[in-house]
Amino acid sequence: MRLSVIGCGYLGAVHAAAMAQLGHDVVGIDVDGAKVAALSAGSAPFFEPGLADILRASIGSGRLRFSTDIALVADAEVHFVAVGTPQARGGGAADLTYVDAAIESLLPHLKAGSLVAGKSTVPVGTAARLAERLQTAGTGAILAWNPEFLREGYAVQDTISPDRLVYGLPADDGREHAKAALDTVYASALASGTPVVETDYATAELVKVAANAFLATKISFINAMAEIAEVTDADVTALADAIGHDTRIGRRFLNAGIGFGGGCLPKDIRAFTARAEELGRGESVAFLKEIDAINMRRRQRAVDLVVDALGGSVYRKKVAVLGLAFKPDSDDVRDSPALDVAVQLNGLGARVIATDPAAIPNSIRLHPQLGFATDTMDALHEADAVVLVTEWREYRDLDPVVTAALVRDPVIIDGRNVLDPAVWRAAGWRYTGMGRP
Ligand code: UDX
């Protein structure tokens, strides 16, 4: 099929490249000329395993191109809208400026019968409003809402082989046409048995925020248990293992630590809360404010543990911060709890030396006041305390004996509960986890 993708950020760039990889003819549009130039040269503008490979292969085969010229979408049968919906300044609601701008820019180029498929995460009710816009503009185009569930670090795999597809379809006669077009786009996933949930616009929009709200709730639930474990000398890791054996609960997303961050979970629960309040149902998701509050407390808790471990003050102490990205295998520092811990320690007067395999450039742009080291061993050298805040494989695999010889004082705060306390203590370290005795 001939496809266009409007917005080539995380979601759009991966979607465009993955669709071309599946054999479609794709044009990706973005207003940012530098991004378009990088993508056109086959270079991924962010760290995402496998993305550069499929970008280069598809550009080489002639099935994928990027441009700032929206007129190039004219031939496309399906237009994916994949622009960002950031948190609005000064509030929790989603900022829909980019979604609206994308639709307006598409209007003059839409052919009757073409499909506009929204992928951006939007407040419930947006798709109905946009469908009306397409209609009043007399485009003859049909709207579907087709949310995306990709995880950073697994974005290519999640896009090519999703665990489910959600089609938010119009109620009128455009329904069959929209479904048929999406079935053709996703033919390869459908052939391998990917389940499809066909629904209305509102449900499709809600599926996305409900999924992220549930995941955030799971993480904050276990972090709340960590807070209780901290005052009872219980072990939240063993607790998670034990409750996780119940298949109704499941062990995934029950890792306690410094909590969740990134470009989705924090902003999505806030936007969901704001939308529910607008709808007069604020109380239905009022618990999400508590989820957010628990999550933000965990960052503070990690900072307090470092302060305590250093005898009440970090002033002029060298603290090695292992990790800056909001999770491993990513260079994304949006709302990163790891970066936040580094910034807070720096604010308390610590000499922070932070390291990360991928996220240093993005961190320097936001917080040039921090100290950085590209080499883990340089970060650890003569440190008064170490705090592990992003569980990259190379930090999980650190040798406690080798590292003990590098630091000034063998003090470690494990903000992700990924190290074996017995092994680290045996090597002489004073180990503190989060919700572990
Ligand atoms: C998330 C959703 O998983 C994805 O489906 C959606 O499309 C976008 O948002 P992502 O932001 O890539 O994806 O990250 P995810 O893997 O969900 O992790 C989110 C945050 O939660 C990270 O900061 C991670 O460190 C944290 N987390 C995750 C925990 O603190 N504990 C856990 O047990 C799991």
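Residues numbered from 1 in each chain as written. Predicted model: local features only at pLDDT ≥ 70, side-chain atom pairs only at ≥ 80, totals over all residues. Heavy atoms only, no water.

### Structural notes on the domain arrangement of the chain
Here is step 1 of the chain: Annotation of the chain at the domain level lists domain 1 (2-197) and domain 2 (200-437).
Here is step 2 of the chain: Its C-alpha centre places domain 1 at a distance of 32 Å from the equivalent point of domain 2.
Here is step 3 of the chain: Contacts between domain 1 and domain 2 engage 33 residues on the former and 27 residues on the latter.
Here is step 4 of the chain: When domain 1 packs against domain 2, the two sides together hide about 2,300 Å² of surface, and 60% of this comes from carbon and sulfur.
Here is step 5 of the chain: Per-residue buried area on domain 1 facing domain 2 is highest for Phe 47, Val 124 and Glu 152; these three make up 30% of the total on that side.
Here is step 6 of the chain: For Arg 334, the salt bridge is made with Glu 152, and the minimal N-O distance between the two is 3.2 Å.
Here is step 7 of the chain: Viewed at the interface, domain 2 and domain 1 are joined by 13 residue pairs in polar contact (both at pLDDT 80 or more).
Here is step 8 of the chain: Elements with a contribution of two residues or more to the side of domain 1 that touches domain 2: helix H5 (126-136), strand E6 (142-145) and strand E7 (165-168). (Domains from an automatic or database assignment. Contact = heavy atoms within 4.5 Å. Buried area = accessible area lost by both parts, 1.4 Å probe. Salt bridge = Lys/Arg side-chain N within 4 Å of Asp/Glu carboxyl O. Polar contact = N/O pair within 3.5 Å; in protein donor to acceptor, adjacent residues only side chain to side chain. Helix = DSSP H or I, 4+ residues; strand = E, 2+ residues; numbered from the N terminus.)

### Describing unusual backbone geometry
Here is step 1 of the chain: Despite not being glycine, Asp 233 has its phi angle at roughly 60°, a positive value.
Here is step 2 of the chain: Tracing the sequence through the fold places Asp 233 in the loop between helix H9 (201-232) and helix H10 (236-244).
Here is step 3 of the chain: Residue Asp 329 is not a glycine yet carries a positive backbone phi of 60°.
Here is step 4 of the chain: Tracing the backbone shows Asp 329 in the loop between strand E9 (318-322) and helix H13 (337-347).

### Brief notes about the sheet that holds strand E10 (residues 351-355)
Here is step 1 of the chain: If you walk across this open sheet you meet the 6 strands as E11-E10-E9-E12-E13-E14, and the pairing is parallel. The open sheet has two free edges, formed respectively by strand E11 (371-372) and strand E14 (430-432), since each of these has just one partner strand. (Pairing = 2+ DSSP bridges.)

### Observations concerning the packing of helix H12 (residues 287-309) against H13
Here is step 1 of the chain: Contact pair H12 / H13: the axes reach a minimum separation of 10 Å and the direction vectors enclose 45°. Looking at the two axes, H12 sits oblique to H13. Seen from above, H12 lies across H13 with right-handed handedness. Counted together, Met 296, Arg 299, Gln 300, Ala 302, Val 303 and Val 306 of H12 and Pro 337, Asp 340, Val 341, Gln 344 and Leu 345 of H13 form the full contact between these two elements.
Here is step 2 of the chain: Of the residues contributing to the contact of H12 with H13, the split by class is 7 nonpolar, 2 polar and 2 charged. (Axes fitted to C-alpha atoms, helices over the stretch in contact; angles between N-to-C directions. Parallel < 35°, antiparallel > 145°, perpendicular 65-115°, else oblique. Left-handed = near helix turned anticlockwise from the far one by under 90°. Nonpolar A, V, L, I, M, F, W, Y, C, P; charged D, E, K, R; others polar.)

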